[in-house]
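Each chain, letter by letter, is given below.
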Protein chains: 2
Amino acid sequence: MTSPQFLSDTARVDDAAIQALPGSRKRYVEGSSADIRVPFREISLSPTRTSGQDEENPPLLVYDTSGPYTDPEAKIDLRKGLTELRRPWIDARDDTEFLDGPTSEYGRRRANDPMLAPLRFELTRTPRRAKSGNNVTQLHYARQGIVTPEMEFIAIRENQRRQALSTAYSGSQEVERILGQQHPGEGFGARLPDEITPEFVRREVAEGRAIIPCNINHPETEPMIIGRNFLVKINGNLGNSAVSSAIEDEVDKMTWGIRWGADTIMDLSTGANIHETREWIVRNAPVPIGTVPIYQALEKVGGVAENLTWEIFRDTLIEQAEQGVDYFTIHAGVLLRYVPLTAERVTGIVSRGGSIMAKWCLYHHEESFLYTHFEDICEICKRYDVAFSLGDGLRPGSVADANDAAQFAELETLGELTKIAWKHDVQVMIEGPGHVPMHLIKENMDKQLAECDEAPFYTLGPLTTDIAPGYDHITSGIGAAMIGWYGCAMLCYVTPKEHLGLPNKDDVKTGIITYKIAAHAADLAKGHPAAQRRDNALSKARFEFRWEDQFNLGLDPDTARAYHDETLPKDSAKVAHFCSMCGPKFCSMKISHEVRDAYKDRTPERGLESDAEVVRRGMKEQAEKFREQGGHLYREV
Amino acid sequence: MTSPQFLSDTARVDDAAIQALPGSRKRYVEGSSADIRVPFREISLSPTRTSGQDEENPPLLVYDTSGPYTDPEAKIDLRKGLTELRRPWIDARDDTEFLDGPTSEYGRRRANDPMLAPLRFELTRTPRRAKSGNNVTQLHYARQGIVTPEMEFIAIRENQRRQALSTAYSGSQEVERILGQQHPGEGFGARLPDEITPEFVRREVAEGRAIIPCNINHPETEPMIIGRNFLVKINGNLGNSAVSSAIEDEVDKMTWGIRWGADTIMDLSTGANIHETREWIVRNAPVPIGTVPIYQALEKVGGVAENLTWEIFRDTLIEQAEQGVDYFTIHAGVLLRYVPLTAERVTGIVSRGGSIMAKWCLYHHEESFLYTHFEDICEICKRYDVAFSLGDGLRPGSVADANDAAQFAELETLGELTKIAWKHDVQVMIEGPGHVPMHLIKENMDKQLAECDEAPFYTLGPLTTDIAPGYDHITSGIGAAMIGWYGCAMLCYVTPKEHLGLPNKDDVKTGIITYKIAAHAADLAKGHPAAQRRDNALSKARFEFRWEDQFNLGLDPDTARAYHDETLPKDSAKVAHFCSMCGPKFCSMKISHEVRDAYKDRTPERGLESDAEVVRRGMKEQAEKFREQGGHLYREV
């Protein structure tokens with residue numbers, strides 16, 4: 001525990017988190033009103049060198065989760081927190097009121113404890129809550145046919161493709177022929193429109209297929225959406241533990257995580273000063289923050305699960321809702337009668353929340369207060385717009401336990417709870433496994449869609465094997481890509497430290513990049529209309545030896561450049577037509593260009609003229625002829 | 001280029017490569033004769049601590065590719081090479097003869113060049129070749145109904161399960177209940193018998209569904225098999241380039257690669273002293289070595305593709321066959337008429353061999369000598385038992401180019417060439433992509449099985465997205481796991497340096513571990529009868545907080561231990577019932593045990609007695625009842 005004196009004086013942002021990414025700059029696309037400014041990252045590219053005149057390569061706009069941290073215009077001061085982007089929208093709805101202060105007993109106690117002064121974030125505003133009788137969830141608005149600014153913001157943000165095709169971001173016809181290519185994909189029932197309109201966003205939310213986590217007490221968020229018919233999202237976990245704890249470290253992990261692509265962050269702190277740690281994270285987070293309130297509740301009762309009560313839990317929900325937590329993981333599906341189903345498992349119950357509630361249920365021999373008070377929890381959530389992430393407390397912790405009776409029994413209960421949440425217009429997504437061998441993954445997705453009426457699925461991995469501790473970002477990245485393809489809306493990352501220890505900043509980055517790969521591979525396989533353009537742009541840069549562009553178009557330009565420079569550090573190598581892998585004579589891409597040139601050089605009697613276009617046409621004719629022949633070689637063997 | 005004076009004096013093995021893996025020792029299982037000694041790695045485990053007496057955990061036998069390097073009994077001297085394990089078997093067949101010396105012109109020239117003395121491996125024997133008129137391939141023997149010692153060796157080696165269940169490797173009934181669990185799996189037509197017999201191996205080889213790469217001039221190999229009805233294998237590439245070169249480095253990469261699980265190694269050297277580098281690798285390799293002969297042939301003509309001739313290539317094949325190369329990648333499927341099909345690709349031709357041959361074809365405007373002389377190549381291969389790895393010279397180099405006309409046209413030709421190779425009883429496998437989005441992967445596998453009559457498929461990745469240079473071991477590990485599940489027999493690794501530079505030792509290890517994960521995930525999903533036991537053993541150790549066992553059962557014990565110790569270095573932590581991720585109060589597994597204990601403590605009126613067995617039965621009854629009720633909650637909502 002290394003908390004310095006008065007964080008409110010000393011806290012400063014991680015320098016590494018506020019540099020613009022190489023070759024990139026912040027771009028805002030404006031919506032119907034000036035206060036709807038949707039952030040993108042614009043990657044500028046160098047022209048393609050040709051024998052004739054150089055050919056321009058249009059810049060690429062990519063989805064940007066890093067918030068103001070990568071905007072040189074923005075003034076970052078962790079002690080002040082981020083600007084309240086959504087405040088005018090929330091004000092305008094005029095259905096909320098500012099409270100005198102925290103209404104939770106615990107929140108007040110922490111606020112008034114002088115001992116905590118050194119750790120406290122100096123919040124200058126009081127919490128908001130829905131005016132009596134009001135429901136302030138995005139689901140409630142959507143069902144009333146209201147398109148909120150949040151929905152419009154998201155439509156622009158998700159609509160990569162339209163942006164990509166606007167003149168400023170388009171190349172010549174030939175360049176667009178390459179960049180515009182897109183495999184149709186297999187969506188397994190996903191509906192991915194060519195253009196995402198605000199109305200489409202509203203409808204998806206209204207029908208429960210997508211959620212917009214945005215607590216009215218977290219106005220700093222840049223709205224984002226989680227749903228099968230949008231880009232696949234990823235979550236990064238952080239949080240201290242009793243063994244390792246420091247508020248600044250966790251804030252650094254947050255700013256580091258969103259820099260590399262975390263769409264949401266879960267604060268899973270279980271150590272010291274959970275309340276204060278959370279406040280620092282939420283105030284400085286441009287992405288939704290999720291928590292598992294039972295962790296803090298357990299802290300409040302000294303870690304003795306059976307001493308947990310509804311009153312303590314309720315107070316914790318209000319405490320966190322008033323801080324601005326955007327979604328709660330609630331393990332309300334762990335029923336007394338399901339616990340025995342875990343008795344013969346190889347790894348029992350591996351969800352922390354699940355094991356805590358199972359223990360409580362057994363001790364009291366009754367259903368948990370999460371379940372018996374579920375409607376009361378809905379009443380709280382709808383007054384702050386906190387979304388549910390219904391926890392899978394009985395998820396498998398080993399491939400042996402995958403898809404067993406305990407897991408699927410709980411999933412059915414989560415389906416029942418989904419309907420109750422919807423009855424209250426509370427947004428809900430469903431958490432999923434866990435450890436699952438590849439051939440059993442799809443059953444998880446299909447069953448979730450059926451049991452939970454297409455509410456968004458949010459899975460941890462799944463890990464496809466148990467035999468690689470130290471590499472579970474990879475064992476799970478495989479499963480994550482597959483379930484994302486099948487329809488999972490958000491993938492919860494796993495870091496290399498899974499099962500072994502608390503992740504540090506490097507682990508967070510490795511986990512995030514691995515899951516960005518999984519999410520993007522899923523978007524490609526689903527045939528998301530905007531997905532393949534980035535692959536095409538990078539492959540074009542690669543084929544044209546535009547090394548800097550290849551680095552900058554990648555998910556991690558720093559690492560790509562470092563690996564390349566390990567053997568060829570000189571600037572001259574950045575334009576060389578080879579790398580150290582093959583060397584100059586063996587670069588297939590270099591030879592491939594010579595092949596194309598060879599065609600150009602052909603004389604007419606060889607059947608091809610020298611103009612590149614004609615050549616291409618000529619080649620296509622040859623190709624046609626070949627295909628007509630059925631592509632066979634030995635007609636007389 | 002840093003070759004020391006007289007490697008034959010200075011060469012020494014990488015110390016890191018000859019340590020036994022933690023908690024492991026070498027075990028040999030004897031076959032029908034004393035000279036059939038099949039190596040395994042035995043991982044010894046600590047007992048499970050219980051309230052009563054401790055419960056033994058049987059040691060686990062795992063497939064071991066590391067050869068004598070991890071056997072403390074073995075005397076390793078790179079300058080002498082490995083012992084000729086297979087020599088007596090080859091002698092006994094009496095169908096080969098020792099030559100006076102290399103019969104290739106190039107081999108003789110290198111042997112007689114005094115300038116090369118410092119680099120030369122001092123080989124004390126001359127090459128072997130089939131006696132005139134003989135065919136010495138394993139396929140030839142198999143088709144004659146002969147079960148070779150190689151086949152028996154492989155049957156024992158692949159038969160993990162029988163070994164695992166022999167008394168020495170079995171635990172109590174309850175332990176076996178846990179370790180013996182196995183999901184049925186989905187094999188997509190793979191036939192995985194419960195027990196693998198030598199006759200089963202013979203039949204799979206005879207029918208062309210599997211190959212045993214084992215050149216008679218590489219008697220140092222421990223026989224292994226590549227086929228869809230056996231464990232999925234992985235290949236590690238190494239080799240120098242004009243930019244980076246040192247014989248010792250490449251030998252170190254080989255010993256490092258097999259330590260972590262490489263089933264075969266391809267030497268893709270394109271730089272200086274290819275001949276000598278290969279000799280050092282082959283003489284010290286207990287796994288099959290593959291090459292791409294066209295690389296060296298191109299070196300011989302100064303890197304000018306159009307100057308390549310059949311004579312130079314033929315001499316290169318003989319040179320390498322007499323050194324002991326076990327399989328040749330031959331890009332004989334690149335036909336003149338296919339080249340135009342690549343004209344509109346985003347990344348043209350990305351196979352080095354493919355681009356070289358395409359250039360040759362265009363320049364001479366005729367089919368390549370690889371194709372026109374294919375039967376001559378078969379004649380060479382059958383005299384040394386060199387297997388074909390028919391190269392996919394037109395594989396896609398970007399997701400945009402996946403599954404296109406060029407790729408599939410070549411695959412059809414590879415199918416034709418397969419039949420020709422089989423006509424000569426030459427073993428053959430087929431190389432595959434490349435860059436392919438997830439939803440297009442299965443088509444590759446299905447088409448390959450159909451076009452090539454179930455000859456083994458050997459794929460590079462495929463990479464499921466192009467946007468992560470620096471992480472292509474992961475983008476491709478996803479695709480590799482999937483295609484392995486669908487039926488691919490061997491996965492060619494990709495390292496983090498792919499597209500960026502020549503891999504170093506660390507990159508080799510990362511690539512190998514990633515691909516071991518992919519191969520094992522595939523075995524699990526296929527339902528390989530022996531696969532899940534290791535997962536179960538590791539998960540059991542994890543659930544019982546046997547940290548050392550958890551590390552040692554993993555693919556990379558060193559990294560797992562290092563990650564754990566980063567936050568909890570003390571020995572006491574190795575028995576602690578938590579790690580730094582959750583800390584003591586939040587360890588779900590710890591709580592899960594308390595949950596089980598809670599049942600034990602119940603008094604009869606609570607409906608359960610205290611005996612653990614009875615408890616389990618009681619729980620099962622509750623579970624049954626619950627399932628009978630249909631698993632529903634609200635019967636009166």
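The rules we used
- Residues numbered from 1 in each chain as written.
- Chains lettered and ligands numbered in written order.
- Predicted model: local features only at pLDDT ≥ 70, side-chain atom pairs only at ≥ 80, totals over all residues.
- Heavy atoms only, no water.
- Salt bridge = Lys/Arg side-chain N within 4 Å of Asp/Glu carboxyl O.
- Buried < 20%, exposed > 50% of the residue type's maximum accessible area, 1.4 Å probe, protein only.
- Helix = DSSP H or I, 4+ residues; strand = E, 2+ residues; numbered from the N terminus.
- Contact = heavy atoms within 4.5 Å.
- Right-handed = clockwise from strand over helix to strand, strands pointing away.
- Pairing = 2+ DSSP bridges.
- Polar contact = N/O pair within 3.5 Å; in protein donor to acceptor, adjacent residues only side chain to side chain.
- Core = buried A, V, L, I, M, F, W, Y, C linked by side-chain atoms within 4.5 Å.
- UniProt positions renumbered as here; feature names shortened; annotations may be inferred.
- pLDDT = per-residue confidence, 0-100.
- Phe/Tyr/Trp six-rings, centres within 6.5 Å; stacked < 30°, edge-to-face > 60°.
- Lys NZ or Arg CZ within 6 Å of the ring centre and 35° of its normal.
- Axes fitted to C-alpha atoms, helices over the stretch in contact; angles between N-to-C directions.
- Buried area = accessible area lost by both parts, 1.4 Å probe.
- Nonpolar A, V, L, I, M, F, W, Y, C, P; charged D, E, K, R; others polar.

## Notes on the pattern of salt bridges
- All told, the structure shown has 96 salt bridges over all chains when counted by the stated rule.
- B:Arg209 serves as the salt-bridge partner of B:Glu207, at 2.5 Å between the closest nitrogen and oxygen.
- Overall, B:Glu207 belongs to the partly exposed group, its relative accessible area being 40%.
- Overall, B:Arg209 belongs to the buried group, its relative accessible area being 13%.
- In this structure, B:Lys382 engages B:Glu379 in a salt bridge whose closest nitrogen and oxygen atoms are separated by 3.4 Å. Of this pair, B:Lys382 and B:Glu379 both sit in helix H15 (residues 374-384), separated by three residues, roughly a single helical turn.
- On the accessibility criterion, B:Lys382 (15% relative accessible area) is buried.
- On the basis of relative accessibility, which here comes to 38%, the residue B:Glu379 falls in the partly exposed class.
- Three or more residues joined by partner-sharing salt bridges are found here, namely A:Glu84, A:Arg87, A:Asp91, A:Arg125, A:Arg128, A:Glu220, A:Glu279 and A:Arg283.

## Some points on helix H17 (residues 441-451) of chain B
- B:Ile441, B:Asn444, B:Met445, B:Lys447, B:Gln448 and B:Leu449 are the residues of H17(B) that are buried.
- If you follow the buried residues of H17(B), they end up packed against helix H16 (405-423), strand S13 (428-432), strand S14 (457-460) and helix H18 (472-486) of chain B.

## Some details on the pairing of S14(B)
All names here are of chain B.
- Residues Phe457 and Thr459 line one face of S14 and the alternating positions Tyr458 and Leu460 line the opposite face, and both faces are buried.
- With H17 bridging S13 and its parallel neighbour S14, the resulting β-α-β unit is right-handed.
- As paired strands, S14 and strand S15 (residues 490-492) are joined by three bridges and run parallel to one another. Its bridge partner lying in S15, Leu460 is registered against Cys492.
- Tracing the backbone out of S14, into H18 and back to the parallel element S15 gives a crossover that is right-handed.

## Comments concerning the environment of B:Thr347
All names here are of chain B.
- Mapped onto the elements of the fold, Thr347 is located in the loop between strand S11 (327-330) and helix H13 (352-364).
- A relative accessible area of 0% means that Thr347 is categorised as buried.
- As a C-alpha pair, Thr347 and Gly303 span 44 residues in sequence and 22 Å in three-dimensional space.
- A distance of 3.0 Å separates a polar atom in the side chain of Thr347 from a polar atom in the side chain of Ser398.
- Looking at Thr347, its side chain comes within polar contact range of the side chain of Asp401, at 2.8 Å.

## Describing the nonpolar core
- Core analysis: the largest hydrophobic core is formed by 312 residues, its most contacted members being A:Phe388 and B:Phe388.
- Dropping the residues within four chain positions of it, B:Phe388 is found in contact with B:Phe328, B:Ile330, B:Phe374, B:Ile377, B:Cys378, B:Cys381, B:Ala421, B:Val426, B:Gln427, B:Val428 and B:Met429.

## Considering the UniProt feature "binding site: Zn(2+)" (unreviewed entry) in chain A
- In this numbering, the UniProt entry assigns the feature "binding site: Zn(2+)" (unreviewed entry) to A:His435 and A:His499. The named residues occupy 65 residues along the chain; their greatest pairwise C-alpha distance, 12.3 Å, places them in one compact cluster.
- Here A:His435 falls in the buried class, since its relative accessible area comes to 6%.
- With near-sequence residues (within four places) excluded, A:His435 lies in contact with A:Pro396, A:Gly397, A:Ser398, A:Val399, A:Ala402, A:Leu463, A:Asp466, A:His499 and B:Arg542.
- Classification of A:His499 by relative accessible area gives buried; the value is 14%.
- In this structure the side chain of A:His499 is engaged in a polar contact, spanning 2.8 Å, whose partner is the side chain of A:Asp472.

## Remarks on the confidence of the model for chain A
Residue and element names in this part refer to chain A.
- Residues of chain A with pLDDT of at least 70 account for 91%, and the chain-wide mean is 90.
- Segment residues 602-619 is flagged for pLDDT under 50; beyond a separation of four residues in sequence, or across chains, it makes 28 contacts in the model.
- Ignoring residues within four places in sequence, the model shows residues 629-637, a span with pLDDT below 50, making 18 contacts including any to other chains.
- Prediction confidence for the complex, expressed as pTM and ipTM, is 0.93 and 0.93 respectively.

## A few points about the packing of aromatic side chains
- In total, this model carries 26 aromatic pairs over all chains according to the counting rule given.
- Ring centres of B:Phe313 and B:Phe369 lie 5.6 Å apart, and the angle between their planes is 50 degrees; on these two criteria the pair is classed as tilted. Residue B:Phe313 is located in helix H12 (residues 310-323), and its partner B:Phe369 is located in helix H14 (residues 369-372); the two are separated by 56 residues in the primary sequence. An identical accessibility class is assigned to B:Phe313 and B:Phe369; each is buried.
- Here the aromatic residues A:Trp310, A:Phe313, A:Trp360 and A:Phe369 are joined through ring pairs into a cluster of three or more.
- Its guanidinium or amino end placed over the ring of A:Phe408, A:Lys447 lies 5.2 Å from that ring's centre, counting from NZ or CZ.

## Observations concerning the sheet that holds strand S14 (residues 457-460) of chain A
Residue and element names in this part refer to chain A.
- Read around the barrel, eight strands follow the order S8-S9-S10-S11-S12-S13-S14-S15 and close on themselves; strand pairing throughout is parallel. Sheet twist, expressed as the mean angle between neighbouring strand axes with direction ignored, is 25 degrees.
- By the bridge criterion, three bridges tie strand S8 (residues 233-238) to strand S15 (residues 490-492) in an arrangement that is parallel. Bridge pairing in S15 places Asn235 opposite Cys492.

## Brief notes about the interface of chain B and chain A
- Across the boundary between the two partners, chain B contributes 147 residues, which contact 147 residues of chain A.
- For the pair chain B and chain A, the summed buried surface comes to about 12,600 Å²; carbon and sulfur atoms form 65% of the total.
- For the pair chain B and chain A, the interface holds four salt bridges.
- As a salt-bridge pair, B:Glu344 and A:Arg177 come within 3.9 Å of each other at their nearest N and O atoms.
- Taken together, chain B and chain A are joined by 22 residue pairs in polar contact (both at pLDDT 80 or more).
- With 10 residues, H18(B) is the largest single contributor of residues to the side of chain B that touches chain A.
- Considered class by class, the residues forming the side of chain B that touches chain A number 73 nonpolar, 45 polar and 29 charged.

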